[in-house]
Amino acid sequence: MTIAQAPYSKETGPSFLTVGVISDTHGLLRPEAVEALSGVNHILHAGDVGDPAILDVLSSIAPLTAIRGNVDISGRCSQLPATEMVELGGCHIYVIHAIEDLDIEPRSAGVAIVIYGHSHKPSYEERSGTLYLNPGSAGPRRFDLPVTVARLSIGEGKVDARIIPL
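The text that follows walks through the structure, step by step, so that each part is easy to find. Everything numeric here is computed off the predicted structure, so don't read it as measured data.

This part covers the sheet that holds strand E9 (residues 130-134). Across the sheet, five strands lie side by side as E5-E6-E7-E9-E8; this open sheet has mixed pairing. Each end of this open sheet is capped by a strand with a single partner; those strands are strand E5 (83-88) and strand E8 (123-127). On average, each strand axis in the sheet is inclined to that of its neighbour by 20 degrees, with strand direction left out of account. In terms of strand pairing, strand E6 (residues 91-96) meets strand E7 (residues 113-115) through three bridges, oriented parallel. Residue Ile-93 lies in a different strand from E7, and its bridge partner there is Ile-113.

A word on the nonpolar core. Among the nonpolar cores identified, the biggest contains 23 residues, and Ile-93, Ile-113, Ile-115, Leu-152 and Ile-154 are the most heavily contacted of them. If you list the elements that add at least two residues to this core, you get strand E2 (17-22), E5, E6, E7, E9, strand E10 (148-155) and strand E11 (158-165). In this structure, Val-40, Leu-55, Leu-58 and Leu-80 belong to the second largest nonpolar core, which totals 18 residues.

Let's shift gears to the environment of Cys-91. For Cys-91, the location among the structural elements is in strand E6. Between the C-alpha atoms of Cys-91 and Lys-158, which are 67 residues apart in sequence, the distance is 9.8 Å.

Residue alternation in strand E3 (residues 42-45) divides its side chains into two sets, His-42 and Leu-44 and Ile-43 and His-45, and both sets are buried. Pairing between E2 and E3: four bridges, direction parallel. Residue Val-21 lies in a different strand from E3, and its bridge partner there is Leu-44. Remark: the E2/helix H1 (residues 31-37)/E3 crossover connection has right-handed handedness. Here E3 pairs with strand E4 (residues 64-66) via three bridges, running parallel. Residue pairing in the sheet places His-45 in a bridge with Ala-66 of E4.

Analysis parameters
- Numbering of residues starts from 1 in each chain and follows the order in which that chain's sequence is written.
- Under the rules for a predicted model, residues below a pLDDT of 70 receive no local features and side-chain atom pairs below 80 are neither given nor counted, while totals for whole chains, interfaces and linings still include all residues.
- Excluding hydrogens and water, the side-chain values take into account all heavy atoms of the structure.
- If DSSP finds at least two bridges between two strands, the strands pair.
- In this description a helix means any DSSP run of H or I spanning at least four residues, a strand means any run of E spanning at least two, and both kinds are numbered starting from the N terminus.
- Each axis is a line fitted through C-alpha atoms, taken for helices only over the stretch in contact, and angles between the N-to-C directions span 0 to 180 degrees.
- Here the nonpolar core consists of buried residues drawn from Ala, Val, Leu, Ile, Met, Phe, Trp, Tyr and Cys, with membership extended through side-chain atoms lying within 4.5 Å.
- Relative accessibility decides the category of a residue: with a 1.4 Å probe and only protein chains considered, values under 20% of the type maximum give buried, values over 50% give exposed, and everything between is partly exposed.
- The definition of a right-handed crossover adopted here requires that, viewed with the strands pointing away, the path from the first strand over the helix to the second runs clockwise.

Listed below in structure tokens is the structure:
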């Protein structure tokens, strides 16, 4: 069983929507990433955008929430917030670039999902009732890691997470 075939589920609120999750584009937005994100209701970018044109393309697909990463040091990308809290489908979602910089206690803050990037390693796991999702890197291939994005389905009382290899 591959990670793309093993969705994560957790109970949440009553609304239904699909959220595209992307990170670490480092200036490269692959056509496969655009295709994997098409049809979503909202997109979250967990930093290291690398090129403001990527923000324009992603926001033409769906409403976009993006944060800055450690490579976003100049221009429009440097003006992005370091973290963002959004509510989508009745879930509070906290977006941060590097998980080691997590500055809240998610459960106490009512956060259902923490989205992060930086490591380029796609993963999801539940910790103390909170889903932690790293969509991996969608930009230039780094090391021997896969090139991936993720999708969240939020609704009918649950959250399903899926990593999508590109």
